[in-house]
Amino acid sequence: MNPIPDDVLRIAHSDAARTLAALPQPFTVLFQRADVSVELFAPRGTDTQKPHTRDELYIVATGSGVFMRAGERTAFQAGDLLFVPAHAEHRFEQFTPDFSTWVIFFGAEQPAST
């Protein structure tokens, strides 16, 4: 499936999931343009993410669970959108084995506040 052309019209979740299943890491970058990056993310067992330097949106593709952001928790399911500002601690918890989510990083890199 990779590399993805700059003028991609469609990326099917099924194609992205097959690509991701063959990789050792739980994510794959599927599209990048200017200040936007799109990935498919499917943690295996435990989500070990660290805070990122850009804002991000998650659009849950499959599965359900609990999402933690900065100490606050909320249940999620397929179709939900979750927002994480840059540098916020966050992770997926108690997620189903079929869980996967689109990740959209956007905006400029933000330096850590002092």
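You'll find the structure just up there.
Reading the values: the criteria
Residues numbered from 1 in each chain as written. Predicted model: local features only at pLDDT ≥ 70, side-chain atom pairs only at ≥ 80, totals over all residues. Heavy atoms only, no water. Salt bridge = Lys/Arg side-chain N within 4 Å of Asp/Glu carboxyl O. Helix = DSSP H or I, 4+ residues; strand = E, 2+ residues; numbered from the N terminus. Buried < 20%, exposed > 50% of the residue type's maximum accessible area, 1.4 Å probe, protein only. Phe/Tyr/Trp six-rings, centres within 6.5 Å; stacked < 30°, edge-to-face > 60°.

*Asks:* Quick rundown of the pattern of salt bridges? Include the residues and the values.
*Replies:* This model, assessed by the stated rule, comprises four salt bridges. As a salt-bridge pair, Asp 15 and Arg 18 come within 2.4 Å of each other at their nearest N and O atoms. A residue pair is termed a helical-turn pair when its members lie 3 or 4 positions apart in one helix, as Asp 15 and Arg 18 do in helix α1 (residues 13–21) at three residues. Judged by relative accessible area, which is 54%, Arg 18 ranks as exposed. Two residues, Glu 93 and Arg 73, come together in a salt bridge whose shortest N-O distance is 2.8 Å. One end of the pair, Glu 93, is in strand β7 (residues 90–93); the other, Arg 73, is in strand β5 (residues 72–77), and 20 residues separate them in sequence. On the basis of relative accessibility, which here comes to 14%, the residue Glu 93 falls in the buried class. When salt bridges that share partners are traced, they join Arg 73, Glu 89, Arg 91 and Glu 93 into one network.

*Asks:* Summarise the packing of aromatic side chains; cite the residues concerned and give the values.
*Replies:* A complete count under the given rule lists eight aromatic pairs for this structure. Plain terms: the ring middles of Tyr 58 and Phe 92 are 4.9 Å apart, the flat faces sit at 90° to each other, and that makes the pair edge-to-face. Of the two residues, Tyr 58 sits in strand β3 (residues 55–62) while Phe 92 sits in strand β7, which places them 34 residues apart along the sequence. Of the two residues, Tyr 58 and Phe 92, both sit in the buried class. On the basis of an interplanar angle of 45° and a centroid distance of 4.7 Å, the ring pair of Phe 92 and Phe 99 is categorised as tilted. Each member of the pair, Phe 92 as well as Phe 99, is classed as buried. In textbook terms, an aromatic cluster arises when at least three aromatic residues are bridged by ring pairs, as seen for Phe 41, Tyr 58, Phe 67, Phe 76, Phe 92, Phe 95 and Phe 99.

Any link to function would need more than the numbers given here.
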